[in-house]
Amino acid sequence: MPDSFERIAGHPDSPVILHVPHSSRVIPSEVRTGILLDDAALELELDHITDAHTEHLAAAAADHMRIRPWQFVNRRSRLVVDPERFPDDREEMLTVGMAAVYTRTTHRTPLRPGEFDPNPLLDTYFHPYARAMTDLVADRLAATGSAVILDVHSYPSRPLPYELHADGPRPPICLGTDDFHTPPALLDRARTCLGAIGATATDTPFAGTYVPLDYYVTDPRVTALMIEIRRDVYMTEPGGPPTSGFADLSRALAAFADELA
Ligand SMILES: [Zn+2]
């Protein structure tokens, strides 16, 4: 397995996958050379775009759980590839230069040259990641009969210029759902357990949740929910350290994710 992502084993009987796609700031040097920003501007962009500390949040939650979940963690920045975006023109974020390989920053300035060819990055990073995540879901289905993908994200308290739905409410906890893959009971449990942290709302300001394409809208044994935590709940924005809210948040996430089936 490449070191650009990591699969961390959980209990053999756990169907739960904590998926952390946006936590890393790591950009390999050969990818860095294709980015137009100077170092200071790149650091600032990473402050805005990175879901900081979410890999530690997932790890802390896993430590609190009675049945350890599986974790799948992207060890590269989403500025390398964004594993959750469609790699083609199905992606609505393509209109703002932020499909699987971003060509624009969060402030809509150029990130990569206009003629940039995304295919080498897709081949090196995107497709292997998708295959490995698909394999993990297949393994959980084979072992337990189901797979529960909990997508762990965070988002800034104030909208960034790239957002397509910036007018919507920005609750402490945004729950992203899918009509096919998010059963009402899973959503209700999230509202109850994560509501201990703050108000929850559904699909605002970010909607949907990640399911590998092989299973998307075909296999109801794969359930999924995106958890978008407003960053002021647990960290100093932008790009700063965790705050005292981090511990409570990790326990609430653990209470929610434990013993899901
Ligand atoms: Zn994210």
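Note: the structure precedes this text.
Residues numbered from 1 in each chain as written. Predicted model: local features only at pLDDT ≥ 70, side-chain atom pairs only at ≥ 80, totals over all residues. Heavy atoms only, no water.

Visitor: An account of the coordination of the zinc ion is requested, with residue identities and associated values reported.
Guide: Those donors, His22 (ND1), Asp51 (OD) and His153 (ND1), are the protein atoms that reach the zinc ion, and they lie 2.0 to 2.1 Å from it. Mapping the donors of the zinc ion onto the primary sequence yields the spacing H-x28-D-x101-H. With His22 in the loop between β2 (16–20) and α1 (29–32) and Asp51 in the loop between α2 (39–49) and α3 (54–64), this residue pair connects regions lying 29 residues apart in the sequence. Note on accessibility: His22 and Asp51 belong to one class, buried. (Donors = N, O, S within 2.8 Å, 3.2 Å for Na, K, Ca; no water. Helix = DSSP H or I, 4+ residues; strand = E, 2+ residues; numbered from the N terminus. Buried < 20%, exposed > 50% of the residue type's maximum accessible area, 1.4 Å probe, protein only.)

Visitor: Talk me through the pairing of β2; I want residue IDs and the actual numbers.
Guide: Across the five residues of β2, five count as buried, placing the element largely inside the fold. Burial along β2 is two-sided: Val16, Leu18 and Val20 and Ile17 and His19, pointing in opposite directions, are all buried. Relative to strand β4 (residues 147–155), β2 runs parallel, the two sharing four bridges. Among the inter-strand pairings, Val16 is bridged to a residue of β4, identified as Val148. As judged from the four bridges shared by β2 and strand β3 (residues 70–74), these two strands associate in the parallel manner. In the sheet register, Leu18 faces β3, and the bridge partner there is Gln71. (Pairing = 2+ DSSP bridges.)

Visitor: Let's hear about the sheet that holds strand β7 (residues 222–230): which residues, and what values?
Guide: The strand order across the open sheet formed by seven strands is β1-β3-β2-β4-β7-β5-β6, and the pairing between neighbours is mixed. Each of the sheet's edge strands pairs with one partner strand only, and the pair in question is β1 (5–8) and β6 (200–202). Ignoring strand direction, the axes of neighbouring strands in this sheet form an average angle of 20 degrees. Each of β4, β5 (173–176), β6 and β7 touches helix α5 (residues 184–194); the most contacted strand, β7, lies at about 30 degrees to it. (Axes fitted to C-alpha atoms, helices over the stretch in contact; angles between N-to-C directions. Contact = heavy atoms within 4.5 Å.)

Visitor: Mind laying out the environment of Ile35, listing which residues take part and the relevant values?
Guide: For Ile35, the position within the fold is in the loop between α1 and α2. Not counting residues within four places of it along the chain, the set of residues in contact with Ile35 comprises Ile27, Leu42, Leu111 and Arg112.

Visitor: Could you give me a rundown of the packing of α3 against helix α6 (residues 245–257), with the residues and numbers involved?
Guide: Taken N-terminus to C-terminus, the directions of α3 and α6 make an angle of 60 degrees; their axes are 8 Å apart at the nearest point. Taken together, the axes of α3 and α6 lie oblique to each other. As α3 runs across α6, the sense of the crossing is right-handed. Within the contact between the two elements, α3 uses His56, Leu57, Ala60, Ala61 and His64 and α6 uses Phe246, Leu249, Ser250, Arg251, Leu253 and Ala254. In the contact of α3 with α6, the residues fall into seven nonpolar, three polar and one charged. (Parallel < 35°, antiparallel > 145°, perpendicular 65-115°, else oblique. Left-handed = near helix turned anticlockwise from the far one by under 90°. Nonpolar A, V, L, I, M, F, W, Y, C, P; charged D, E, K, R; others polar.)

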